[in-house]
Each structure stands twice: as C-alpha cells, then as structure tokens.
Amino acid sequence: RTALTCIEPNKILVRGYPLDEIMGRLTFGEAIYLLLVGEIPTPGMGRLMEALLVSFIDHGATPPSTLAARNTATTGAPLRACVAAGVLGFGRYHGGDIESCMQFLDSGLALKREGMGLREAAERIVQKCVDAREAPPGFGHRFHTRDPRAARLFQMALELEVEADHIQMIRAVETVLNEES
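If you're wondering where the values come from, they're calculated on a predicted model, not measured in any experiment. (Residues numbered from 1 in each chain as written. Predicted model: local features only at pLDDT ≥ 70, side-chain atom pairs only at ≥ 80, totals over all residues. Heavy atoms only, no water.)

## Quick look at the pattern of salt bridges
Link 1 in the chain: Applying the stated criterion across every chain, the model contains six salt bridges.
Link 2 in the chain: A salt bridge links Arg119 to Glu123; the nearest nitrogen and oxygen atoms lie 2.8 Å apart. Within this pair, Arg119 and its partner Glu123 are both found in helix 7 (residues 118-131), separated by four residues, close to a single helical turn.
Link 3 in the chain: Judged by relative accessible area, which is 36%, Arg119 ranks as partly exposed.
Link 4 in the chain: With a closest N to O distance of 2.8 Å, Arg171 and Glu163 form a salt bridge.
Link 5 in the chain: Classification of Arg171 as partly exposed rests on a relative accessible area of 30%.
Link 6 in the chain: Since its relative accessible area comes to 22%, Glu163 is described here as partly exposed.
Link 7 in the chain: Each member of the salt-bridge network shares a partner with another, and the members are Arg119, Glu123 and Glu179. (Salt bridge = Lys/Arg side-chain N within 4 Å of Asp/Glu carboxyl O. Helix = DSSP H or I, 4+ residues; strand = E, 2+ residues; numbered from the N terminus. Buried < 20%, exposed > 50% of the residue type's maximum accessible area, 1.4 Å probe, protein only.)

Encoded structure:
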C-alpha cells in the first residue's frame, strides 16, 4: 500500500488524482511537487519547481554519479544499469547532502518553534557544526563560491512570494557563515 499511487484495471491515481486528468494540465514540475508533497502546488510554487528541475541540467561529466554512469556505459551495460550506477553513486558528499541539509535546517526551525529567534537558532546550529569540525550540510560547493543556480532560485522564491521557513533559515545561516569568514 502506498499513498503515492493507486493502480487498478483501467484506473491510475497519483495522490488521489486520475493521471489521465492531470496529464496536460500540470507541468512536469507541478506533477513532481504533487507526488512529493501530496497537493497541487500554487502557481508560484509550480514555477519554482520547474526552475528547480531546470537547475539540474547543467551537471556535465564531472559529478561522481555522472562518472559512475558513464563508466558503466563504457562496458556496454544497458541504460537501466548505467542509471542505477549513477544513483548508487549518491552519498553523503554528493546527492545525499540534500537530506542532511534538510535535517540541519529542521533542527534550526525546531529551535525557532521553541521560541528562539531566527538568528540565534542559526548561530546555534552553525556552532554545533563548528564544534563537530564539520561543514554545515548543504552550504559550500566544490566549484562555485556563490552558486548561480541557488541565487536564482532564492530570487524566484522571493519574487513568487513562496519564501517559507526553510528559506528564511537558509538566509539566516548564510548570514552567520558570512560573518564568520
């Protein structure tokens, strides 16, 4: 059983919506949002999701998962094996950092819900990383000092008025990190 899909003879539901009815009505980004969140996004959130998906297309041959997929392809393996090799290349420092970052931000938002100010919560979670001699997950990039994709997504979130708690925590953490450098 899953809440994601229901497949019966002549019927396919995605989060309770008939797939044939959302086809052509939702963009790919909106459909991914529906699948992940369980609700149809607002127009602004849908646009942001589309931009997020576009931001992924720049990854050339250098990311570890891409190298794994390409190296597997050189063996003559079928496409599904090449994709699997790429996905299996995700780990703490590549691809998996997204989940760690979400947990990091959630810990700051939990402090905020307990009554701590946003800035103080950001300082606390950054200090915890400093004490553990670890970089805050999701902050910093091996190539960019200021990732243009992230800057544009943050700008769009502000313009589309979908800047929520996690983005506010990111901005607070960035402020703390910039002051420490």
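## Observations regarding the nonpolar core
Link 1 in the chain: Ranked by internal contacts, the top residues of the largest apolar core, which has 26 residues, are Leu48, Phe104, Leu105, Phe139, Met169 and Val173.
Link 2 in the chain: Among the secondary structure elements, those contributing two or more residues to this core are helix 3 (43-55), helix 6 (97-113), helix 7, helix 8 (148-159) and helix 9 (165-180).
Link 3 in the chain: The greatest single-element share of this core, amounting to six residues, is contributed by helix 9.
Link 4 in the chain: In this view, Met169 contacts Leu105, Gly108, Leu109, Leu118, Ala121, Ala122 and Ile125; residues no more than four positions away in its chain are not counted. (Core = buried A, V, L, I, M, F, W, Y, C linked by side-chain atoms within 4.5 Å. Contact = heavy atoms within 4.5 Å.)

## Digging into the side chain of Asp147
Link 1 in the chain: Tracing the backbone shows Asp147 in the loop between helix 7 and helix 8.
Link 2 in the chain: Residue class for Asp147 comes out buried when judged on its relative accessible area of 18%.
Link 3 in the chain: Polar side-chain contacts of Asp147 include one of 2.6 Å to the side chain of Arg149. (Polar contact = N/O pair within 3.5 Å; in protein donor to acceptor, adjacent residues only side chain to side chain.)

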